[in-house]
Amino acid sequence: MTRINTKLERARPLKYQLSEKLKPKIMKNLYKLKDSQSPYKKMSIKHDMTREEREKDRALRTEASELRKENQNFRYVVRGLPWERQIVKLRIRKKEEAD
């Protein structure tokens, strides 16, 4: 565990490395912090991707962009947890014109 930034008057961020087994469990249950009444309510946890993970994510987003250009009737977006990212096909809703 290391502190990020120099001393500030507000809380300083921490960088903490989690095990491969513990990380998915924590990341999937983060929504519970927001609804809690504890001092942890204001705490936020974010996933830090490795260079390899960022490259895979970039490749998925590029592929989704190419699929979008080929088929204008659907939107293709990259969704999911950072270690389970996948391309999802979404239907485009057309606004109904009022008479």
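Reading guide: rules and limits
- Residues numbered from 1 in each chain as written.
- Predicted model: local features only at pLDDT ≥ 70, side-chain atom pairs only at ≥ 80, totals over all residues.
- Heavy atoms only, no water.
- Helix = DSSP H or I, 4+ residues; strand = E, 2+ residues; numbered from the N terminus.
- Buried < 20%, exposed > 50% of the residue type's maximum accessible area, 1.4 Å probe, protein only.
- Contact = heavy atoms within 4.5 Å.
- Areas by Shrake-Rupley, 256 points an atom, 1.4 Å probe, with all protein chains shown as cover.
- Salt bridge = Lys/Arg side-chain N within 4 Å of Asp/Glu carboxyl O.

Let's talk about the overall build of the chain
- Looking only at helices and strands, the chain has 3 helices and 4 strands in total.
- Counting across all 99 residues of the chain, residues that qualify as buried make up 10%.
- Long-range pairs, those at least 24 residues apart, make up 20% of the contacts in the chain with a sequence separation of at least 6.
- For the chain, the computed accessible surface area is about 9700 Å², with 48% contributed by carbon and sulfur atoms.

Structural notes on the pattern of salt bridges
- Tallied over the entire structure, the rule returns 4 salt bridges.
- With its nearest N and O atoms 3.9 Å apart, the salt bridge here joins Lys-28 to Glu-84. With Lys-28 in helix H1 (residues 22–28) and Glu-84 in the loop between strand E3 (74–79) and strand E4 (86–91), the pair connects residues that are 56 residues apart, well separated along the chain.
- For Lys-56, the salt bridge goes to Glu-52, with nearest N and O atoms at 3.5 Å. With a gap of 4 residues between them, Lys-56 and Glu-52 both fall in helix H3 (residues 51–70), about one helical turn apart. With respect to burial, Lys-56 and Glu-52 carry one shared label: exposed.

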